[in-house]
Amino acid sequence: MSSTTHDSHRPRHAQPGSGTAPAGRMRQWRLRLGGHQPIGMLFVSPYLLYLAAIFVYPLGFAVWMSFHDYFFAAPGVQVDRPFVGLDNYTAVLTDPDVWRSFSNIAVFLVINVPLTTVASLVLASALNKKIRFRSFFRTAYYIPYITASVAVVGVWLFLFNTNGLVNRALGPLAPDPSWLVNSHLAMPVVAVFVAWKQLGFFVVLYLSALQNVPNELYESAALDGAGRFRTFRSITVPAVRPATLLVLILATVTGANLFTEPYLLTSGGGPDGATTSPVLLMYQRGLQQGHPDQAAAIGVILVVLITGISLVYRRFLERD
């Protein structure tokens with residue numbers, strides 16, 4: 001009798017086949033998806049729906065298009081679009097125009113991303129100090145970013161045209177052919193233009209990051225006799241590393257989607273395709289030449305490459 005009573009009060013451990021382990025796993029998944037406050041998912045759900053409608057669905061549809069013989073048809077007309085496997089990717093990867101567009105955007109990113117990152121950090125550091133007309137300078141650097149591209153493109157055409165202000169100032173040192181019709185100089189000019197236009201946005205990002213750097217660090221460095229460059233390198237640069245990662249990724253993503261600037265500055269990718277970007281080539285192939293399936297394949301390749309570059313940025317900057 002006592003043995004039976006003692007066994008009845010003995011703790012019962014969950015058996016492998018019981019429902020305790022699945023319940024625990026479900027609880028872990030709920031915490032991962034909804035966090036400790038699931039009500040937060042309710043507040044972010046409108047943005048999640050927007051993200052799904054604007055980004056996820058088009059990307060998924062582009063992937064589907066890239067594996068099919070897709071072409072545009074009249075609304076309501078049912079046509080057969082057979083599965084073609086990797087044929088579109090084979091056609092794209094054996095096209096010299098596609099390779100040239102990716103090499104063009106590589107040149108653009110090599111010039112634009114470092115220039116944007118360094119210039120925006122230096123300007124943000126200067127504007128973070130107490131200087132005269134600081135508000136004016138902050139506004140002045142941000143104005144090109146919010147100005148319509150057509151307007152600022154007109155200014156740069158005036159500056160870098162064959163008879164533009166820059167060539168007049170350089171005189172006999174001006175390049176021949178001129179900047180925007182020179183196959184070697186056109187893409188660097190576009191890269192500098194985009195860096196100048198977007199500089200204000202990245203300056204604001206760095207300014208917000210610099211507000212969180214304790215002023216005591218700079219005071220300690222000054223007491224230790226550190227100069228401006230040493231203080232900038234040892235305190236400012238490490239302190240804004242998360243912002244630098246964000247700037248690098250955003251500059252790379254926006255640069256990889258280059259379209260408006262070469263379309264307006266160089267009349268659609270000239271001279272002789274020297275400024276044709278993959279996105280501009282997608283527009284030409286998909287809408288002008290009627291091959292949206294190949295255009296989708298170019299887009300998928302571009303997404304994969306930019307995702308890989310972004311992961312390299314993150315691993316490099318967060319390795320510590």
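The structure this text deals with has already been given above.
Summary of the structure given here. (Residues numbered from 1 in each chain as written. Predicted model: local features only at pLDDT ≥ 70, side-chain atom pairs only at ≥ 80, totals over all residues. Heavy atoms only, no water.)

Some details on the environment of Tyr 313
By secondary structure assignment, the location of Tyr 313 is in helix α15 (residues 292-317). Sequence spacing of Tyr 313 and Thr 244 is 69 residues, and the spatial spacing of their C-alpha atoms is 9.6 Å. Other than its neighbours up to four places away in sequence, Tyr 313 contacts Val 113, Leu 245, Leu 248, Ile 249 and Thr 252. Polar side-chain contacts of Tyr 313 include one of 3.1 Å to the side chain of Thr 252. (Helix = DSSP H or I, 4+ residues; strand = E, 2+ residues; numbered from the N terminus. Contact = heavy atoms within 4.5 Å. Polar contact = N/O pair within 3.5 Å; in protein donor to acceptor, adjacent residues only side chain to side chain.)

Observations concerning the packing of helix α12 (residues 241-256) against α15
Relative orientation of the contacting elements α12 and α15 amounts to 165°, with a least axis distance of 10 Å. The orientation of α12 with respect to α15, classified from their angle, is roughly antiparallel. Two packed elements cross with a definite hand, and for α12 against α15 that hand is right-handed. Across the interface between the two elements, Arg 241, Thr 244, Leu 245, Leu 248, Ile 249, Thr 252, Val 253 and Ala 256 from α12 touch Leu 302, Ile 306, Ile 309, Ser 310, Tyr 313, Arg 314 and Leu 317 from α15. For the contact of α12 with α15, the class distribution of residues is 10 nonpolar, three polar and two charged. (Axes fitted to C-alpha atoms, helices over the stretch in contact; angles between N-to-C directions. Parallel < 35°, antiparallel > 145°, perpendicular 65-115°, else oblique. Left-handed = near helix turned anticlockwise from the far one by under 90°. Nonpolar A, V, L, I, M, F, W, Y, C, P; charged D, E, K, R; others polar.)

Regarding the packing of aromatic side chains
Applying the stated rule across the entire model yields 21 aromatic pairs. Centre to centre, the rings of Tyr 47 and Tyr 50 are 6.0 Å apart; their planes meet at 35°, and the pair counts as tilted. With Tyr 47 and Tyr 50 both in helix α3 (residues 39-66) and three residues apart, this pair spans about one turn of that helix. For Tyr 50, a relative accessible area of 44% puts it in the partly exposed group. Three or more aromatic residues link up through ring pairs in this structure, and these residues are Tyr 57, Phe 61, Trp 64, Tyr 70 and Phe 72. Between Arg 81 and the ring centre of Phe 71, over which it is positioned, the NZ or CZ distance is 5.5 Å. (Phe/Tyr/Trp six-rings, centres within 6.5 Å; stacked < 30°, edge-to-face > 60°. Buried < 20%, exposed > 50% of the residue type's maximum accessible area, 1.4 Å probe, protein only. Lys NZ or Arg CZ within 6 Å of the ring centre and 35° of its normal.)

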